[in-house]
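Residue-level listing of the chains:
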Amino acid sequence: MAETLQNLHPELYKKDIEEARQGEAYAPFAGDPNEFSKKFYIESYGCQMNFSDSEIVASILHEEGFGATRNFEDADLVLLNTCSIREKAEQTVRNRLQSFRKVKESKPGMLIGVLGCMAERLKAKFLEEEKLVDIVVGPDAYRSLPGLINEAEGGQKSVNVLLSREETYADISPVRLDSNGVTAFVSIMRGCNNMCSFCVVPFTRGRERSRDAASIVNECRNLFEQGYREVTLLGQNVDSYYFVPSGVQIDANTDALQQGVTFAQLLEQVALISPLLRVRFSTSHPKDITDDVLHTMAKYNNICNYIHLPVQSGNTRVLQLMNRTYTREWYLAKVKRIREIIPDCGLSTDVITGFCTETEEEHQDTLSVMELSRFDMAYMFAYSERPGTLAARRFADDIPEDVKKRRLTEIINLQNSHSRDSYRADIGKTFEVLIEGDSKRSDKDWYGRNSQNKVVVFAKNDRPLQKGDYAMVRINDATSATLMGEMV
Ligand code: SAH
Ligand code: SF4
Ligand code: F3S
């Protein structure tokens with residue numbers, strides 16, 4: 001396997017992934033670019049789905065004779081896989097495009113393509129707004145990239161932003177970009193049918209569709225055979241995964257659930273590949289996560305005890321305006337259920353503060369839901385109005401920026417104290433840790449994570465272990481984001 005940045009600095013990579021969720025970029029690299037006649041450079045923004053899509057795009061481009069490079073100055077094709085989730089994510093992409101301008105001016109043959117959610121949202125308008133862009137491709141149209149590149153090479157700007165009801169790229173083997181060789185992400189569905197009023201995703205990613213279960217299990221098995229030890233199953237709302245194999249007819253007289261594959265069943269199928277393969281998933285929607293899924297998690301030791309369960313707000317009226325379709329009580333009941341069935345489950349969340357008409361009292365409700373749920377980690381955002389969403393059409397974005405900022409600070413401070421408590425409470429406990437590589441600080445230490453998704457750093461002590469191995473580690477110190485310990 002090629003020695004990549006992530007092989008060398010896995011914790012750096014991890015940090016990049018986390019920052020990526022916040023809208024930062026990460027430019028990956030795969031293999032030896034000199035094997036190929038042409039070079040592409042790709043930078044991904046936004047959620048893990050986008051990073052996963054970039055690996056599909058890399059696979060399509062490899063077939064066309066393009067190898068990846070880390071240096072955009074060297075590239076024949078520069079691609080930005082973009083995110084529209086918040087205004088700031090789009091601004092970052094626009095700024096980034098400007099930094100390509102100089103290089104493109106001195107290298108007229110270089111093509112610049114915009115992929116992903118911003119491409120889908122702005123469509124051909126992108127070409128008018130940003131004259132330096134040659135290609136615009138939406139998330140369901142990556143198979144048409146070779147044709148679009150051809151057109152663009154002939155001097156013609158090209159766009160394909162058609163959304164599909166079927167496309168899952170099930171048959172395309174992703175090229176693992178910057179892989180640590182231990183952990184991988186596997187897309188199990190695309191799109192989203194929920195209409196959270198703040199959210200642009202249903203517009204940029206289209207209708208929800210589930211990928212063929214057999215192709216998912218095959219991909220995970222192949223990863224395991226290549227030495228990978230952890231897969232994360234990805235979807236905007238994994239609990240609504242439901243795949244009906246072709247040839248199976250659902251009629252009113254038979255129980256559909258006996259014919260298709262539910263998310264709980266898919267989890268089980270992946271867990272059964274090997275007890276040495278860890279299984280994670282993201283994201284769960286509080287309205288959809290079932291006891292079935294929780295029991296499946298409890299049954300298999302290799303399904304990690306960790307759930308990302310975005311709450312968004314702790315107030316029922318605001319949740320209703322957000323169209324989240326659950327109440328404060330429903331959310332708290334889900335948390336209770338999780339803790340009943342999986343007592344040591346790690347729990348994280350997403351919070352949006354300053355949503356339209358949110359009062360001070362309602363903001364306090366969010367803080368109290370956090371107090372009651374005690375999340376180990378959270379992604380916290382100020383509401384950012386997105387054009388075309390239900391909220392943008394129906395409600396005024398009426399919370400002043402300084403109020404949003406202050407509320408966000410309160411939320412972040414509270415979460416920091418909860419994270420600190422949660423990590424400190426692990427001191428004295430022993431965890432099974434999957435080794436992902438060297439620690440950032442010292443190559444005398446290993447870096448890995450426990451089942452609850454907490455980072456664990458511990459001394460190698462000259463034991464004959466390597467990345468991809470499991471170690472039992474007793475925790476003796478903690479910060480609010482890392483556990484430190486020693487092997488037992
Ligand atoms: N499908 C996932 C969320 C994907 S977007 C889910 O439903 O949980 C990731 C997070 O970005 C969301 O959970 C939400 O907290 C945040 N987000 C989405 N739209 C936003 C907006 N308009 N302003 C601020 N944050 C937003
Ligand atoms: Fe957006 Fe809601 Fe779908 Fe998540 S579930 S992607 S927040 S619409
Ligand atoms: Fe962003 Fe699109 Fe993901 S808007 S968060 S990249 S689905």
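Here is what the cut-offs are and how they apply
- In this convention, every chain numbers its residues from 1, walking through the sequence in written order.
- Written order determines the labels here, with chains lettered from A and ligands numbered from 1.
- In keeping with the model being predicted, local features are shown solely for residues with a pLDDT of at least 70 and side-chain atom pairs are shown and tallied solely at 80 or more, while totals for entire chains, interfaces and linings include all residues.
- The side-chain figures draw on all heavy atoms in the structure; neither hydrogens nor water molecules are used.
- Here the axes come from fitting lines to C-alpha atoms, over the contacting stretch only for helices, and the angles between their N-to-C directions go from 0 to 180 degrees.
- Only DSSP runs of H or I reaching four residues or more are called helices, and only runs of E reaching two or more are called strands; each is numbered from the N terminus.
- Angle categories: roughly parallel below 35 degrees, roughly antiparallel above 145, roughly perpendicular from 65 to 115, and oblique for all the rest.
- Two helices that cross are described as forming a left-handed crossing if the nearer one is turned anticlockwise from the farther one by less than a right angle, and a right-handed crossing if clockwise.
- In this description, contact between two residues means that some pair of their heavy atoms is separated by no more than 4.5 Å.
- Relative accessible area decides the class of each residue, using a 1.4 Å probe on protein chains only: under 20% of the type maximum gives buried, over 50% gives exposed, and in between gives partly exposed.
- One bridge is not enough; two strands pair if DSSP finds at least two bridges between them.
- For the domains described, the bounds stem from an automatic or database domain assignment.
- Once two parts are put together, the accessible area they lose, assessed with a 1.4 Å probe and summed over both, is termed the buried area.
- Each salt bridge in this description consists of a side-chain nitrogen of Lys or Arg and a carboxyl oxygen of Asp or Glu lying within 4 Å of one another.
- Note on residue classes: Ala, Val, Leu, Ile, Met, Phe, Trp, Tyr, Cys and Pro are nonpolar, Asp, Glu, Lys and Arg are charged, and everything else, Gly too, is polar.
- We call a set of buried Ala, Val, Leu, Ile, Met, Phe, Trp, Tyr and Cys residues a nonpolar core when their side-chain atoms join them within 4.5 Å.
- Only a single heavy atom is needed: when it lies within 4 Å of a molecule or strand, its residue is near that molecule or strand.

Caption draft 1: A look at the packing of helix α14 (residues 360-373) against helix α16 (residues 401-424). Two elements in contact, α14 and α16, have axes separated by 10 Å at closest approach and are oriented at 15°. Judged on the interaxial angle alone, α16 and α14 are roughly parallel. Crossing handedness for the pair α14 and α16: right-handed. Here α14 contributes Glu360, His363, Gln364, Thr366, Leu367, Met370 and Glu371 to the contact with α16, which in turn contributes Val403, Arg406, Arg407, Glu410, Ile411, Leu414, Gln415 and His418.

Caption draft 2: Structural context of the pairing of strand β13 (residues 278-282). Burial of β13 is extensive: five of the five residues sit out of reach of the surface. Side-chain alternation along β13 places Arg278, Arg280 and Ser282 on one buried face and Val279 and Phe281 on a second face that is also buried. One ladder, built from five bridges, connects strand β10 (residues 230-234) with β13; its direction is parallel. Note on β13: the bridge partner recorded for Glu230 is Arg278.

Caption draft 3: Just the domain arrangement of the protein chain, in detail. Examined at the domain level, the protein chain breaks down into domain 1 (9-160), domain 2 (183-424) and domain 3 (430-487). Just the C-alpha atoms count here: the centres of domain 2 and domain 3 sit 27 Å apart. Taken together, the 21 residues of domain 2 in the interface contact 19 residues of domain 3. Buried surface at the junction of domain 2 and domain 3, summed over both partners, amounts to about 1,500 Å²; 47% is from carbon and sulfur atoms. At the surface where domain 2 touches domain 3, the tally comes to two salt bridges. Here Arg449 ties to Glu230 by a salt bridge, and the two come within 3.0 Å at their closest N and O atoms. Of all the secondary structure elements, the ones that give two or more residues to the side of domain 2 that touches domain 3 are β13 and α16. A total of six residues in the side of domain 2 that touches domain 3 trace back to one element, the largest contributor, which is α16. Residue classes in the side of domain 2 that touches domain 3 are distributed as six nonpolar, seven polar and eight charged.

Caption draft 4: Focus on the nonpolar core. Membership of the largest hydrophobic core comes to 68 residues, with the highest contact counts inside it found for Leu233, Tyr241, Phe263, Leu266, Val270 and Ile307. Excluding residues within four positions of it along the chain, Tyr241 makes contact with Ile188, Met189, Ser210, Arg211, Asp212, Ala213, Ile216, Val261, Thr262, Phe263 and Leu266. Counting residues in each nonpolar core, the second largest holds 25 residues, with Val57, Leu77, Tyr142 and Tyr169 among its members.

Caption draft 5: Inspection of the site of ligand 3 at higher detail. Neighbouring ligand 3 are the residues Cys47, Asn50, Cys83, Ser84, Ile85, Cys117, Val201, Arg205 and Gln236. Of the residues contributing to the shell around ligand 3, the split by class is five nonpolar, three polar and one charged. Two domains each provide a minimum of three residues to the shell around ligand 3, namely domain 1 (9-160) and domain 2 (183-424).

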